[in-house]
Amino acid sequence: MTKQLLLTLMAATCVAGFAQDENLPTIVPGANPSLSTVTMRAGTTKYQKVTGFGAAACFGLMEPIRDTNVIDSLYGPKSRVGLNIVRMEISPNMIGDVTTPWDTPYDWHGYLPVTKRAKEYGAIVFGTPWSPPAAFKTNNSASGGQTTDENGNVGGVRGKLKKEKYKDFFPWLNTFLNYMNNNGVRVDAVALQNEPDWWVGYSGCLYTPEELHSLVRDYAARLNKKYFGVKLISAESLNFTPAYSDALLDDTVTAKHIDIVGGHLYGNPPLKNMKTVGTKALKMGKETWMTEHSFDPRGEGANAVTDLPTWDEELLFAEEVNESMQANCSAYIYWYMMAHWSFIGSGDATVQPGNDKGKVLRRGLIMSHFAKHLTGATRLSHTSNINQVTNAAFETTAYLKGDSLIVMAILTKDRDFNLQITLPYKAKGGKRILSTEDRLLAEANIQIDEPTTKMTFDMPAKSIATYIFKVDNPETAISSVEREAKAGHADDSWYSLSGQRVVSPRKGVYIHQGKIVVR
């Protein structure tokens with residue numbers, strides 16, 4: 001097939017219905033000549049598929065949330081936030097004899113109520129060990145081993161997994177999976193270790209990249225992945241240090257065991273280490289998940305302990321999620337579900353008014369721009385007239401999801417702009433969800449009289465907007481005919497690229513018996 005023909009196929013269109021919500025206001029694309037213009041252009045090169053967005057079911061120092069109302073607010077079709085991933089700790093702590101009411105010597109029961117509820121909403125649940133059991137450790141403690149004396153001097157014994165216990169690590173994970181299964185929660189993935197490169201005084205365990213390589217190479221086959229239907233996440237480095245993922249991905253033996261590359265963003269923004277790791281993982285057909293970060297930029301004059309985040313800080317949080325997508329991340333999982341700097345209010349009286357317990361906070365609604373619309377989408381290439389760097393004044397990403405082309409746009413400048421959008425397919429209608437400091441998640445229909453690839457919208461100062469365009473996407477019609485052919489339902493008819501039956505095909509490009517044919 002020639003290059004020209006390929007371009008022709010990419011530009012072909014199909015007919016699909018689009019019904020607008022009559023209850024929403026309508027906006028009509030059109031430039032305001034008095035405003036400066038920022039531009040973005042969506043392409044057709046595909047990158048990662050977005051698996052979803054989530055948070056850890058933790059409150060305080062890893063104490064599990066017991067309130068299922070939190071899950072109801074964050075997950076499911078009625079949620080204003082739209083999360084679909086739950087992270088939980090695989091606790092190493094013993095709670096007594098195996099004859100306890102929970103049928104396990106480990107402190108895993110606390111997560112059952114919320115993970116069960118999340119599973120009812122179809123959520124993905126994954127577990128991370130902060131430490132193996134104390135008996136497995138060189139310091140005989142679940143603690144990482146760091147201590148600080150009265151003079152501030154740091155010392156202690158570094159807690160590591162004993163070499164003779166490497167063989168027992170994955171069977172211990174099997175015990176966890178079996179317990180959760182028996183109690184109605186099918187866990188979808190387990191990680192090797194939370195922050196193996198961070199020495200702590202709470203629950204923790206240190207590994208070098210080489211030690212993790214040996215653990216996976218020699219013993220990962222002991223994880224009953226097929227029986228439990230579980231995926232294995234690499235160790236979740238504190239700041240996505242590439243050495244930790246490289247040690248596992250560069251060896252074909254260990255790479256086959258790793259399904260997801262995980263990591264955290266502390267001290268290293270998305271477009272640095274995570275982009276390096278994510279790009280490599282994507283080429284190998286593996287997903288990259290950002291599995292923990294507490295976003296608190298501690299802006300000038302702000303007090304993270306007593307202040308709710310400012311609007312400027314909320315926009316920086318939105319940019320972090322957006323930049324994670326640019327870094328080939330398939331999932332973004334925040335830290336605590338409940339905190340004044342998170343999605344659900346904690347009720348802490350020391351924080352300014354507005355941190356009501358159980359209330360969906362502004363940050364949760366900012367997350368909904370991503371979680372409710374990008375899950376299941378595939379990121380597309382795009383360009384912008386402003387460089388896509390960390391905390392740029394204007395940031396964008398583009399996605400394809402069925403017959404929808406989604407554009408995310410974040411503007412941190414304190415003045416209005418025109419937003420000029422160019423799409424690879426013709427749009428015939430759509431919807432915009434816009435958030436400003438004064439109004440969150442304001443929805444409006446986009447009225448398009450004639451299908452077009454170029455549009456201009458007003459972009460208010462300091463705002464985030466999600467544009468969902470219904471487009472003439474040729475892939476939908478072609479793939480549907482191909483699916484029929486593979487299923488044995490295709491006849492001898494000829495079809496246009498839009499899926500229309502053609503009685504007398506002449507010169508042109510057609511689909512015949514599931515194949516593209518040039519006549």
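Every chain is numbered on its own, with residues counted from 1 as its sequence reads. Owing to the predicted nature of the model, reporting of local features is limited to residues with pLDDT of at least 70; listing and counting of side-chain atom pairs is limited to 80 or more, with chain, interface and lining totals taken over all residues. Hydrogens and water are ignored here; the side-chain numbers use all heavy atoms of the structure.

(A) Empty space enclosed by the protein, seen in detail. Here a cavity denotes grid points, spaced 1 Å and computed from the protein atoms alone, that fit a 1.4 Å probe unable to get out, and a pocket denotes an open set having protein on both sides within 12 Å along at least 5 of 7 lines; residues with an atom within 4 Å of a point are the lining. Grid points are joined across faces, edges and corners, and a volume is the space filled by probe spheres set on the points. The full count for this structure, using the stated rule, is 3 cavities of 30 Å³ or more. Its boundaries defined by the atoms lining it, the second largest cavity holds a volume of some 40 Å³. Lining the second largest cavity are Trp130, Asn194, Glu195, Trp198, Val200, Tyr202, Ser203, Gly204 and Cys205.

(B) Spatial organisation of the pairing of strand β16 (residues 394-401). Buried residues are those whose accessible area, probed at 1.4 Å on protein chains only, stays under 20% of the maximum for their type, while exposed residues exceed 50% and partly exposed ones sit between those limits. Strands are runs of DSSP state E lasting at least 2 residues, helices are runs of H or I lasting at least 4, and numbering of each runs from the N terminus. Buried residues dominate β16, accounting for 7 of its 8 residues. A pair of strands is considered paired only if DSSP assigns at least 2 bridges between the two. The pairing of strand β15 (residues 378-384) with β16 spans 3 bridges and is classified as antiparallel. When the sheet's bridge partners are listed, leucine 380 is paired in β16 with alanine 398. Where β16 folds back onto strand β17 (residues 404-411) in an antiparallel hairpin, the turn is made up of 2 residues, including glycine 402, whose phi is positive at roughly 65°.

(C) Seen up close, the packing of aromatic side chains. What counts as a ring pair is set by centres within 6.5 Å for rings of Phe, Tyr and Trp (its six-membered ring), and what kind of pair is set by the plane angle: stacked under 30 degrees, edge-to-face over 60, tilted for all other angles. In the structure shown here, the tally under the stated rule is 19 aromatic pairs. Ring geometry for phenylalanine 295 against phenylalanine 317: centres 6.1 Å apart, planes inclined by 55°, an arrangement best described as tilted. On the criterion of sequence distance, the pair formed by phenylalanine 295 in the loop between β13 (287-292) and α10 (311-326) and phenylalanine 317 in helix α10 is long-range, its members being 22 residues apart. Considered together, phenylalanine 295 and phenylalanine 317 belong to a single accessibility category, that of buried residues. Joined through ring pairs, the aromatic side chains of Trp130, Phe295, Phe317, Tyr332, Tyr334, Trp335, Tyr336, Trp341 and Phe343 make up one cluster. Here, a charge over a ring means that NZ of Lys or CZ of Arg falls within 6 Å of the ring centre while also lying within 35 degrees of the ring normal. Between arginine 158 and the ring centre of tryptophan 199, over which it is positioned, the NZ or CZ distance is 4.1 Å. Here the guanidinium or amino end of arginine 363 rests over the ring plane of phenylalanine 317, the centre of that ring lying 4.9 Å away.

(D) Structural context of the packing of helix α4 (residues 166-182) against helix α5 (residues 209-219). The N-to-C vectors of α4 and α5 enclose an angle of 70°; their axes lie 9 Å apart at closest approach. By the angle between their directions, the pair α4 and α5 is classed as roughly perpendicular. Mapping the contact onto sequence places Tyr166, Lys167, Phe169 and Phe170 in α4 and Glu211, Ser214, Leu215 and Tyr219 in α5. Here an axis means a line fitted to C-alpha atoms, over the contact stretch when the element is a helix, while the angle between two N-to-C directions is reported on a 0 to 180 degree scale. Angular relationships are summarised with four words: roughly parallel below 35 degrees, roughly antiparallel beyond 145, roughly perpendicular across 65 to 115, and oblique for the angles in between. Contacts are assigned to residue pairs with any non-hydrogen atoms lying within 4.5 Å of each other.

(E) Layout of unusual backbone geometry. In this structure, glutamate 195 is a non-glycine residue whose phi angle is positive, near 45°. In this structure, glutamate 195 sits in the loop between β10 (189-191) and α5. Its identity as a non-glycine residue notwithstanding, asparagine 391 has a phi of 55°, on the positive side. As for its position among the elements, asparagine 391 is in the loop between β15 and β16. Residue class for asparagine 391 comes out partly exposed when judged on its relative accessible area of 42%.

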